[in-house]
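Next come the chains, spelled out residue by residue.
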Amino acid sequence: MARKLKTYQTSLGFFDLAMAAPSMKAALDAWGADSNLFHQGAAAESHDPDVIAATMAKPGVVLRRPVGTDRPFSERAELPTDLGGGGPTKAARKSKGPKAKQPSSRPVDKVAERKAAFDYERERRSRERERAIEEAARQKDRERRQQSVDKAQAALDKAEQEHAKRAAAIQAEVEALEKRSQAEKARWDKEKERLEAALRRARG
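Residues numbered from 1 in each chain as written. Predicted model: local features only at pLDDT ≥ 70, side-chain atom pairs only at ≥ 80, totals over all residues. Heavy atoms only, no water.

Engineer: Residues and numbers for the sheet that holds strand β3 (residues 43-45), please.
Structural biologist: In spatial order, the strands read β3-β1-β2-β4; together these 4 strands make up an open sheet with antiparallel pairing. Edge positions in the sheet fall to β3 and β4 (63-66), since each has one partner strand and no second. Averaged over all pairs of adjacent strands, the angle between strand axes in this sheet comes to 20 degrees, irrespective of strand direction. Bridge count for strand β1 (residues 6-12) against β3 is 3 bridges, and the pairing is antiparallel. (Pairing = 2+ DSSP bridges. Helix = DSSP H or I, 4+ residues; strand = E, 2+ residues; numbered from the N terminus. Axes fitted to C-alpha atoms, helices over the stretch in contact; angles between N-to-C directions.)

Engineer: For the nonpolar core, give the residues involved together with the corresponding values.
Structural biologist: Counting residues in each nonpolar core, the largest one holds 20 residues, and the members touching the most others are Leu5, Ala27, Trp31 and Phe38. Residue assignment for this core shows that the elements contributing at least two residues are β2 (15-21), α1 (24-31), α2 (49-57) and α4 (110-202). A per-element tally of this core places β2 first, with 5 residues. Not counting chain neighbours up to four residues away, the residues in contact with Leu5 comprise Ala20, Ala21, Pro22, Met56, Pro59, Ala116, Ala117 and Tyr120. (Core = buried A, V, L, I, M, F, W, Y, C linked by side-chain atoms within 4.5 Å. Buried < 20%, exposed > 50% of the residue type's maximum accessible area, 1.4 Å probe, protein only. Contact = heavy atoms within 4.5 Å.)

As structure tokens, then:
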């Protein structure tokens, strides 16, 4: 069953941020926060029905609006126009922190809230499936590369074995020739000595 979503709100840089998420951790991850903004008092759950309605319409999507304004939250928001002012405006002071705006009397649409929770869960599962498909593709690519490496290594090992066999055969032939050469030298030395002795006798 899909987890119930809550709307969380914070301010980062030039924008107020809001999103519908199942937990504070999910919101922090989506905001890219490197610290716990909730513990620091820089983020909180929003109870503003307008903000809740906007985030529940796009669960899991980070919505923005220029900081210090009461503009509606949207996926794309323009930068605030009073960045060069001498200090925080009244609107900025009022909007400082996620609890600035008083809740309106309009009740939260429970059906829309449940639908947003299911939409969020569907998007989460879709992202998980995409990640699983990507990981399977990467794994298949790694296996294919490993097969190529194994094939190349096997070819190298086989060639090295063949080379070692041929080198050993050549070395055996060299050793056999060396033995034949030594035997021929010994035979010739003996024959030469015999013939030289016969020549000396013939000369008297």
